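# A look at the structure
Spelled out from the first residue to the last, the chains are:
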Amino acid sequence: MEDATGWLAVARQTFSIIGILAFAISGALLAVQKRMDVVGMAGLAVVTATGGGMLRDVLIGATPVAALVDWWMLAVALCGALVVFALHRWMERLDKPVLVFDAIGLGVFAVEGARKAIDFGVGPVGAAFVGMLTGIGGGMLRDALANDIPAVFRRDSRLYLLPALVGSSAAAAAVHLGYGHWIVLALLAALVTALRIMSELLRWHLPSLKTEAIPTIRD
């Protein structure tokens, strides 16, 4: 039993490391695109990687938040920035590298956020909401700090919030019903990632109102 518990803890920590590293790389890559210096790269990487988790922990009462207690989270995020600093010329040759790493982080954090909420006594519906916010929170902070409208709010953006909500809802239901094995959660995270990437490739988006731009008022 102790061995099984140990393996479960390792699987969960590995799951979190993948999400933190992916989000950190997406933040650092955006910093490169915005021509920020190394401090900006590190800052955007850390905020992107830990912002959603901090929001989750505050909402469910898990304080002090994990990112301020577990030093390895900040270390992994900074490693993500270092990877981009060293390999950004190669990464820029990839097709939409920010999208790929952001999609991985979105999947991992949406699912992991829902699981942790259930563990802290939140009901399935509330856990699904917390998981969704965990998934999109870091990306929203990243875009805002980079002086962009967050992707989740853009009218012309592809599916972002919906894949996170689908994954967090499924994860919350699975954990609540006793099927929250790490393999199940990993598959759900992969599903969210695939939905996010496919929405970009196939140009899926939610319907929106077609309105005229608000005219600028001049003196």
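The structure displayed is predicted, hence computed values, not measured ones.

Right, let's talk about the packing of helix α6 (residues 124-145) against helix α7 (residues 161-176) for a bit. Two elements in contact, α6 and α7, have axes whose closest approach is 8 Å; the angle formed by their N-to-C orientations is 140 degrees. Judged by the inter-axis angle, α6 sits oblique to α7. Crossing angle aside, the handedness with which α6 passes α7 is right-handed. Along the contact surface, α6 presents Pro124, Ala127, Ala128, Gly131, Met132 and Ile136, while α7 presents Leu161, Ala164, Leu165, Ser168, Ser169, Ala172 and His176. Grouping the constituent residues of the contact of α6 with α7 by class yields nine nonpolar, four polar and no charged.

The geometry of helix α2 (residues 38-60) relative to α6 is characterised by a closest axis approach of 7 Å and an angle of 145 degrees between their N-to-C directions. When you trace α2 past α6, the crossing you get is right-handed. Across the interface between the two elements, Leu44, Val47, Thr48, Gly51, Gly52, Gly53, Leu55, Arg56, Leu59 and Ile60 from α2 touch Val130, Leu133, Thr134, Gly137, Gly138, Gly139, Leu141, Arg142 and Leu145 from α6. Its residues placed into classes, the contact of α2 with α6 shows nine nonpolar, eight polar and two charged.

Turning our eyes to something else, we now look at the UniProt feature "transmembrane region" (unreviewed entry) in the protein chain. As annotated in UniProt, the feature "transmembrane region" (unreviewed entry) corresponds to residues 15-32, 39-59, 71-91, 120-138 and 183-202 in the numbering used here. Between the C-alpha atoms that bound residues 71-91 the distance is 27 Å, and the span itself is 100% helix and 0% strand. End-to-end, the C-alpha atoms of residues 120-138 are 21 Å apart, and along that stretch the chain is 79% helix and 0% strand.

We now examine the nonpolar core. With 28 residues, the main nonpolar core has Ile20, Leu29 and Val84 as its most contacted residues. Looking at this core, the elements with two or more residues in it are α1 (2-33), α2, α3 (66-69), α4 (71-91) and α5 (97-119). With ten residues, α1 is the single largest residue contributor to this core. Every residue in contact with Val84, bar those within four places of it in the chain, is listed here: Ile25, Ala28, Leu29, Val32, Met41 and Met91.

The next point concerns the side chain of Ser199. For Ser199, the position within the fold is in helix α8 (residues 182-201). Owing to a relative accessible area of 0%, Ser199 belongs among the buried residues under this scheme. A distance of 3.4 Å separates the side chain of Ser199 from the backbone oxygen of Leu159, its partner in a polar contact. Residue contacts for Ser199: discarding those within four places in its chain leaves Arg158, Leu159 and Trp204.

A residue-level look at the protein chain finds 86% of positions with pLDDT of 70 or above and a mean pLDDT of 84. Counting contacts from residues 1-5, a segment whose pLDDT is below 50, to residues more than four positions away or on other chains yields zero contacts.

Quick look at the environment of Ala66 now. Summarising the element assignment, Ala66 is placed in helix α3. Sequence-distant contacts of Ala66, defined by excluding residues within four places in its chain, comprise Arg56, Asp57, Met73 and Lys116.

Put simply, the second largest pocket is a space of about 240 Å³. Forming the boundary of the second largest pocket are 18 residues, of which Ser16, Arg56, Trp72, Met73 and Glu112 lie nearest the centre. Within the residue set of the lining of the second largest pocket, elements represented by two or more residues are α1, α2, α3, α4 and α5. In terms of residue class, the lining of the second largest pocket is made up of nine nonpolar, four polar and five charged.

What counts and how
- Residues numbered from 1 in each chain as written.
- Predicted model: local features only at pLDDT ≥ 70, side-chain atom pairs only at ≥ 80, totals over all residues.
- Heavy atoms only, no water.
- Axes fitted to C-alpha atoms, helices over the stretch in contact; angles between N-to-C directions.
- Helix = DSSP H or I, 4+ residues; strand = E, 2+ residues; numbered from the N terminus.
- Parallel < 35°, antiparallel > 145°, perpendicular 65-115°, else oblique.
- Left-handed = near helix turned anticlockwise from the far one by under 90°.
- Contact = heavy atoms within 4.5 Å.
- Nonpolar A, V, L, I, M, F, W, Y, C, P; charged D, E, K, R; others polar.
- UniProt positions renumbered as here; feature names shortened; annotations may be inferred.
- Core = buried A, V, L, I, M, F, W, Y, C linked by side-chain atoms within 4.5 Å.
- Buried < 20%, exposed > 50% of the residue type's maximum accessible area, 1.4 Å probe, protein only.
- Polar contact = N/O pair within 3.5 Å; in protein donor to acceptor, adjacent residues only side chain to side chain.
- pLDDT = per-residue confidence, 0-100.
- 1 Å grid on protein atoms, 1.4 Å probe; cavity = no way out; pocket = protein on both sides within 12 Å on 5 of 7 lines; lining within 4 Å.
- Points joined across faces, edges and corners; volume = space filled by probe spheres on them.

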